[in-house]
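The primary structure of each chain is shown beneath.
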Amino acid sequence: MSVLNRIQPLREISSKRRRIYESLRDLLVSKRFPPGSRFPTAHVLAERFGVSYVTVHSALNDLVRDGWLVRHRGKGSFVTETGGGRSRPSISHLAMALPREKDIETSGNANIVLRILHGCAAGAGQCGSDLTTVSLPSHLSASEINSALHRLQRYHGAIFIGDQYAALMEKLALRRMPFVVLGTERDYQATVNYDRCSAVALGVEYLVHLGYRRIGFLGITRGTTERAAKFEYFQNAMKGHGLTLHPGLVEHALSAFDAHAAGQRLLDRSPLPDAIFVDNELKAETMARVAFNRGLRIPRDFGILTYGAEHTAAD
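The model shown is predicted, which means the values in this text are computed figures rather than measured ones.

Procedures and definitions
Residues numbered from 1 in each chain as written. Predicted model: local features only at pLDDT ≥ 70, side-chain atom pairs only at ≥ 80, totals over all residues. Heavy atoms only, no water. Core = buried A, V, L, I, M, F, W, Y, C linked by side-chain atoms within 4.5 Å. Buried < 20%, exposed > 50% of the residue type's maximum accessible area, 1.4 Å probe, protein only. Helix = DSSP H or I, 4+ residues; strand = E, 2+ residues; numbered from the N terminus. Contact = heavy atoms within 4.5 Å. pLDDT = per-residue confidence, 0-100. Salt bridge = Lys/Arg side-chain N within 4 Å of Asp/Glu carboxyl O.

K.L.:
Help me out: how do you make sense of the nonpolar core in this one?
P.N.:
Among soluble globular proteins, nonpolar side chains are generally buried collectively. Val200, Val204, Leu207, Ile215, Phe234, Met238 and Phe277 are the most contacted members of the largest nonpolar core, which has 18 residues in total. Those elements giving two or more residues to this core turn out to be helix H8 (196-209), strand S8 (215-219), helix H9 (229-240) and strand S10 (275-278). Considering every element that reaches this core, the biggest residue donor is H9, with 6 residues. With residues up to four places along the chain from it excluded, the contact list for Ile215 reads Leu207, Val208, Phe234, Met238, Leu243, Leu245, Leu249, Ala275 and Phe277.

K.L.:
Looking at this structure, how should I read the confidence of the model for the protein?
P.N.:
Low pLDDT marks stretches whose predicted atomic positions should not be read closely. Across the protein, the average pLDDT comes to 80, with 84% of residues at 70 or higher. In the model, residues 1-14 has pLDDT below 50 throughout and makes 38 contacts with residues more than four positions away in sequence or in other chains. Scored below 50 in pLDDT, residues 310-315 shows 16 contacts in the model against residues more than four places distant or in partner chains.

K.L.:
Looking at this structure, how should I read the pattern of salt bridges?
P.N.:
Any two side chains of opposite charge can pair if their charged atoms end up close together. On inspection of all chains with the given rule, the structure shows 5 salt bridges. Here Arg269 makes a salt bridge to Glu251, at a shortest N to O gap of 2.6 Å. With Arg269 in the loop between helix H10 (256-267) and S10 and Glu251 in strand S9 (residues 250-252), this pair connects stretches of sequence that are 18 residues apart. The buried category is assigned to Glu251, whose relative accessible area is 8%. Across the pair Lys283 and Asp279 runs a salt bridge, and its minimum N-O distance is 2.9 Å. A single network of salt bridges, built from pairs that share partners, joins Glu251, Arg265 and Arg269.

The structure is reproduced here in structure tokens:
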């Protein structure tokens, strides 16, 4: 059976994450935080519980998913006006809407789709849910949209990549079906509209939480707005944390080949950066090899964080 046709359920739920979730939910049930009030940040809660930021962030995601909290970008998490969560099945069945496998192969994006699919399956498993792929024609006619709508409504939620099925997503929004959109900046009234800006901001936030302050950047820093978008998002995220981006810690690298020389230059800096944000995983691998060849160890000597798969270097 093709991996694109079915992802087996993964139901390993972090016990620590579950305990944090239940503790926070109990606070909400007891009305310690009244409806409409702002909820403590993940940083504050991580320090209070003595756990990692990632664990708390995941537990907060669960509270948002279950209707206890609502997020407002740039403002934080707030207790829902109803002050209570919504009931949901113990196991959620999720659909990932994808073009037919032959269309994915023809597009040349099979590797990136497969990686996203594995990531979504792992995330679903952590939440005790299962994930099934739903194959759709690359271009939907009006009748095909209605057919796809009927198929997706059998599930508790749906996941889309990009804007390919915009008309279908708009119909789902009208029916108030939960769905997630990955890799778009358009607003489809989705439950989560996760774009590259959000992903880069979360990456910087995580580095800051780990204590890194002197953070460098390796990747595309000039050219068209689209090509240099991650660098712009990175700069904005740094400013949002009150951090200075040192010009000497920024290196332009169009490809993994360019990243070798760019990485050498970054490691010639004194002092070394605390961490380096890399806009592509192949460039990050090159950066790590450069560090290894110099006898440096990650993360003891400095950290590396990357967001982006192979093909994004040429976007």
